[in-house]
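Here are the chains, one letter per residue:
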Amino acid sequence: MSVKTRSLIVGIATYIPGFRSLTGRKTGGTVSARYCYAVWLRHLSLLHRHGLPTNFETVAELGPGDSLGVGLAALLSGAERYVALDAVRYADSASNLQILEDLIALFRNRAPIPDYVEFPLVQPPLSSYAFPAEFLTSTRLEAALNPDRLDVIRAAVANPGTSLHDGGPVCYIAPWKPGVIENGTVELVLSQTVLEFPHDLAGMYAEMCRWLKPGGIMSHEIDFKSLGITVEWNGHWSCSDALWRLAAGRRRHRLNREPHSTHIALLQKMGCRVVCDERTVQPSGVTRAQLAPRFRHLIDEDLTTSSALIQAVKLA
């Protein structure tokens, strides 16, 4: 059996009333300003490498998690407004304010991008971890880090808007529902290891595409691994639906098990042009003979793609 015994026990236990509330209470990662800095500058560096814009009026982030740090890094890079959308309100103002101050110091010091030694799980790797001064110029940073502007951002972090009609540079909506963002009002939508979870993935992509202006950009780092539930990194594709229901249980964060090719196909179906597809590859942990019936259509590339940073432009 590919599923780890402990994972199966925990998954089954989540069906017990009250136990589910003990799972998924934190998301990890974004409690560190350096992690948020590393994530944001990876997205920005890949945009620059592929000739795409790196400065935006409105940035929307799906699933910011335990802090709003990635979006705060966007504001400190020059974005005018940040909209955070999450299923649960994990972040709090006190930790966000501390992370903001730490991020301000990192940008003021033009700190190098934290690399794979410090954050080995953050993908994709970069060819250089030097501070990206070629697009985060002194002129741009001086404007973004203007003391009066920082005071406005601090006030917004201490008391973020809960509706897009509130105004201000920070809006935090959790839980959010489709329709909360108006059509064509966002220049960049990003996420970091989030899109492996929504079960209506087609609906999620349609919603994000609706938010974007023509020429707007999606930038998503997606993890295709089983998150430790199975022995093999991609053993979830060898599990029958019945076995997976038991192993995943009613955890708050349940994988949709969709492979890399599904995300590419949905982006193209929604009228987006994929510009960047930085895949992290590792040998498959399962053979084709071991795949569950619903996953036997997977192409070879799917079986070896453990994560990918995908960036796409909305054409119309």
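Scroll up for the structure.
These numbers come from a predicted model, not from an experiment.

Q: I'd like to hear about the nonpolar core, residue by residue, with values.
A: Of all hydrophobic cores here, the largest spans 55 residues; its most connected members are Trp40, Leu76, Leu103 and Phe107. Elements with a minimum of two residues in this core: helix H2 (33-49), helix H3 (69-76), strand S2 (81-85), helix H4 (93-108), helix H6 (147-158), strand S3 (170-173), strand S4 (186-192) and strand S7 (305-314). Element by element, the count of residues in this core is highest for H2, at eleven residues. What Trp40 contacts, discounting residues up to four positions off in sequence, is Val70, Ala73, Ala74, Ser77, Phe107, Leu188 and Leu190.

Q: Explain the pattern of salt bridges to me, and be specific about the residues and the numbers.
A: A complete count under the given rule lists eleven salt bridges for this structure. Between Arg154 and Glu101 there is a salt bridge, with its nearest N and O atoms 2.6 Å apart. Remark: Glu101 occurs in helix H4 and Arg154 occurs in helix H6; sequence separation between them is 53 residues. Here Glu101 falls in the partly exposed class, since its relative accessible area comes to 32%. The shortest N-O distance in the salt bridge between Arg279 and Glu301 comes to 3.7 Å. Placement of the pair is Arg279 in strand S6 (residues 272-281) and Glu301 in helix H10 (residues 300-304), with a sequence separation of 22 residues. Exposure remark for Glu301: the relative accessible area of 34% places this residue in the partly exposed category. If you follow the salt bridges from partner to partner, you end up with Glu101, Asp151 and Arg154 in one network.

Q: Before we move on, can you summarise the packing of H2 against H4 with the specific residues and values?
A: Orientation of H2 relative to H4, taken along the N-to-C sense of each, is 55°, at an axis distance of 9 Å. Taken together, the axis directions place H2 and H4 in an arrangement best described as oblique. Crossing hand, H2 versus H4: right-handed. On H4, the residues touching Ala33, Arg34, Tyr37, Trp40 and Leu41 of H2 are Ile99, Asp102, Leu103, Leu106 and Phe107. The residue inventory of the contact of H2 with H4, partitioned by class, reads eight nonpolar, no polar and two charged.

What counts and how
- Residue positions are counted from 1 within each chain, in the order its sequence is given.
- Local features in this predicted model are restricted to residues of pLDDT 70 or higher, and side-chain atom pairs are both shown and tallied only at a pLDDT of 80 or more, whereas totals for entire chains, interfaces and linings draw on every residue.
- Computation of side-chain values: all heavy atoms of the structure, hydrogens and water removed.
- What we call a nonpolar core is a set of buried Ala, Val, Leu, Ile, Met, Phe, Trp, Tyr and Cys residues that are connected through their side-chain atoms within 4.5 Å.
- Each residue gets one of three labels from its accessible area relative to the maximum for its type: buried under 20%, exposed over 50%, partly exposed in between, using a 1.4 Å probe on protein chains only.
- A run of DSSP states H or I qualifies as a helix once it reaches four residues; a run of E qualifies as a strand once it reaches two. Both are numbered from the N-terminal end.
- Note on contacts: a residue pair is in contact if any heavy atoms of the two residues lie within 4.5 Å.
- The salt bridge criterion pairs a side-chain nitrogen of Lys or Arg with a carboxyl oxygen of Asp or Glu, the two atoms within 4 Å.
- Geometry is summarised by axes, namely lines fitted to C-alpha atoms with helices restricted to the contacting stretch, and by angles between N-to-C directions that run from 0 to 180 degrees.
- Any angle that is under 35 degrees is reported as roughly parallel, and any over 145 degrees as roughly antiparallel; angles of 65 to 115 degrees are reported as roughly perpendicular and all others as oblique.
- Crossing handedness is defined as follows: a turn of the near helix away from the far one that is anticlockwise and smaller than a right angle gives a left-handed crossing, while the clockwise case is right-handed.
- Charged means Asp, Glu, Lys or Arg here, nonpolar means Ala, Val, Leu, Ile, Met, Phe, Trp, Tyr, Cys or Pro, and polar covers whatever is left, Gly included.

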